[in-house]
Amino acid sequence: MNKHTVIVSGGVLEEDFVLPILQSEETEFIIGVDKGLVFLHEHQIVPDYIVGDFDSASEEVVNYYREHTNVPIREFHPVKDASDTENAIRLCLDMRRKSIWILGATGARIDHLWANIQSLKIAREAGAEAVILDTHNRIRLIEESMVLKRDEAYGKYFSLFPLGGTVCDFNIAGAKYPLSHHTLIPYDSLCVSNEFEEDEVTITFPFGDVILMETRD
């Protein structure tokens with residue numbers, strides 16, 4: 001059984017989606033991040049670690065965990081060089097965590113979402129896999145050769161975007177919209193909303209960083 005470290009950040013957290021993950025036997029470590037603490041407190045969940053500058057979590061909630069639990073807290077000044085979620089990812093890497101699920105990373109603040117997506121690269125460079133999850137999306141960085149299976153897909157659609165630069169010799173086989181030896185550039189939308197044509201889709205490219213978004217309505 002694969003074990004995961006789950007980061008609970010302060011974006012959208014839907015009970016029916018989040019609680020089963022937090023209560024799963026596959027979740028072995030929970031990190032509450034700033035406003036994500038409010039969700040944990042409301043559901044009487046004590047995380048294993050707390051991270052944040054606490055500019056969006058209520059003082060009452062933060063003080064509860066300070067005064068009534070022994071949870072270690074890594075607190076940052078609000079004027080800092082990284083987001084709270086990025087700091088939580090770096091904490092995971094310090095603890096040699098290899099599988100990181102990030103909840104509450106999406107929501108109304110698109111700037112926070114984009115920062116969180118870029119932070120996936122930090123985990124990958126350290127040899128870990130970080131995945132952003134919500135009810136409708138699974139977002140991750142992929143390796144240079146990957147097979148997507150229809151029966152394991154997160155949703156009907158998948159989209160691909162380069163992160164940080166052009167990706168040459170990019171190939172998609174088994175999809176409704178295949179590509180062969182394509183140059184994937186940062187500012188076009190060619191690879192949005194692809195679908196399965198066969199039971200398996202193979203994605204290959206020689207080098208670079210590619211974001212995979214699996215989505216459902």
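This write-up is about the structure you can find in this document. (Residues numbered from 1 in each chain as written. Predicted model: local features only at pLDDT ≥ 70, side-chain atom pairs only at ≥ 80, totals over all residues. Heavy atoms only, no water.)

### Describing the overall build of the protein chain
Broken down by element type, the protein chain carries five helices and 14 strands. Each principal axis of the C-alpha atoms in the protein chain carries an extent, and together these give about 60 × 35 × 30 Å. By residue count, 49% of the 217 residues in the protein chain fall in the buried class. Intrachain contacts of the protein chain at a sequence separation of at least 6 include 61% that bridge at least 24 residues. Total accessible area computed for the protein chain in this model is approximately 11300 Å², and 47% of it derives from carbon and sulfur atoms. When the 19 positive and 37 negative side-chain charges of the protein chain are each reduced to one mean point, those points stand 3 Å apart. (Helix = DSSP H or I, 4+ residues; strand = E, 2+ residues; numbered from the N terminus. Buried < 20%, exposed > 50% of the residue type's maximum accessible area, 1.4 Å probe, protein only. Contact = heavy atoms within 4.5 Å. Areas by Shrake-Rupley, 256 points an atom, 1.4 Å probe, with all protein chains shown as cover. Lys, Arg positive; Asp, Glu negative; His and termini not counted. Charge placed at Lys NZ, Arg CZ, Asp CG, Glu CD.)

### Here we look at the layout of surface pockets
What the largest pocket holds in volume is close to 540 Å³. Lining the largest pocket are 24 residues, and of these Gly10, Gly11, Ser56, Asp84 and His112 sit closest to its centre. Secondary-structure elements contributing two or more residues to the lining of the largest pocket are helix 4 (84–94) and helix 5 (110–125). When residues of the lining of the largest pocket are assigned to their parent elements, the largest contribution, four residues, is made by helix 5. Partitioning the lining of the largest pocket into residue classes produces five nonpolar, eleven polar and eight charged. (1 Å grid on protein atoms, 1.4 Å probe; cavity = no way out; pocket = protein on both sides within 12 Å on 5 of 7 lines; lining within 4 Å. Points joined across faces, edges and corners; volume = space filled by probe spheres on them. Nonpolar A, V, L, I, M, F, W, Y, C, P; charged D, E, K, R; others polar.)

### Some remarks on the pairing of strand 13 (residues 200–204)
Only one face of strand 13 is buried: it carries Val201 and Ile203, and the other face, with Glu200, Thr202 and Thr204, is open. Here strand 8 (residues 145–149) pairs with strand 13 via five bridges, running antiparallel. For Met146, the partnering residue across the bridge sits in strand 13 and is Ile203. (Pairing = 2+ DSSP bridges.)

### Let's talk about the packing of aromatic side chains
Across all of its chains, the model carries three aromatic pairs by this definition. Consider the rings of Tyr64 and Tyr65, whose centres lie 5.1 Å apart with planes at 80°: the pair is edge-to-face. Residue classification places Tyr64 among the partly exposed residues on the basis of a relative accessible area of 32%. Measuring from ring centre to ring centre gives 5.8 Å for Phe158 and Phe196, while their planes differ by 65°; the resulting arrangement is edge-to-face. You can see Phe158 sitting in strand 9 (residues 157–162) and its partner Phe196 sitting in the loop between strand 12 (194–195) and strand 13, a full 38 residues away along the chain. Residue Phe158 is classed as buried on the basis of its relative accessible area of 1%. Given the relative accessible area of 13%, Phe196 is considered buried. A cation over a ring is seen here: Arg97 above Phe29, with NZ or CZ 4.3 Å from the ring centre. (Phe/Tyr/Trp six-rings, centres within 6.5 Å; stacked < 30°, edge-to-face > 60°. Lys NZ or Arg CZ within 6 Å of the ring centre and 35° of its normal.)

### Some thoughts on the pairing of strand 7 (residues 137–142)
Every regular strand shows the same layout, with side chains that alternate between the two sheet faces. In terms of burial, strand 7 is largely enclosed, as five of its six residues are buried. Inspection of the sheet shows strand 6 (residues 129–133) paired to strand 7 by two bridges, in the antiparallel sense. Bridging from a neighbouring strand, Ile132 pairs with Ile139 of strand 7. Taking the residues that link successive antiparallel strands as the turn, the strand 6-strand 7 hairpin has three residues. With six bridges joining them, strand 7 and strand 14 (residues 210–215) adopt antiparallel strand pairing. Counterpart to Ile142 in the pairing with strand 14 is Val210.

### Comments concerning the pattern of salt bridges
By the definition in use, this model includes 14 salt bridges. As a salt-bridge pair, Glu195 and Lys176 come within 3.9 Å of each other at their nearest N and O atoms. Of this pair, Glu195 sits in strand 12 while Lys176 sits in the loop between strand 10 (167–173) and strand 11 (179–184); the two residues are 19 residues apart in sequence, bridging distant segments of the chain. If you follow the salt bridges from partner to partner, you end up with Lys121, Arg124, Glu125, Glu143, Glu144 and Asp209 in one network. (Salt bridge = Lys/Arg side-chain N within 4 Å of Asp/Glu carboxyl O.)

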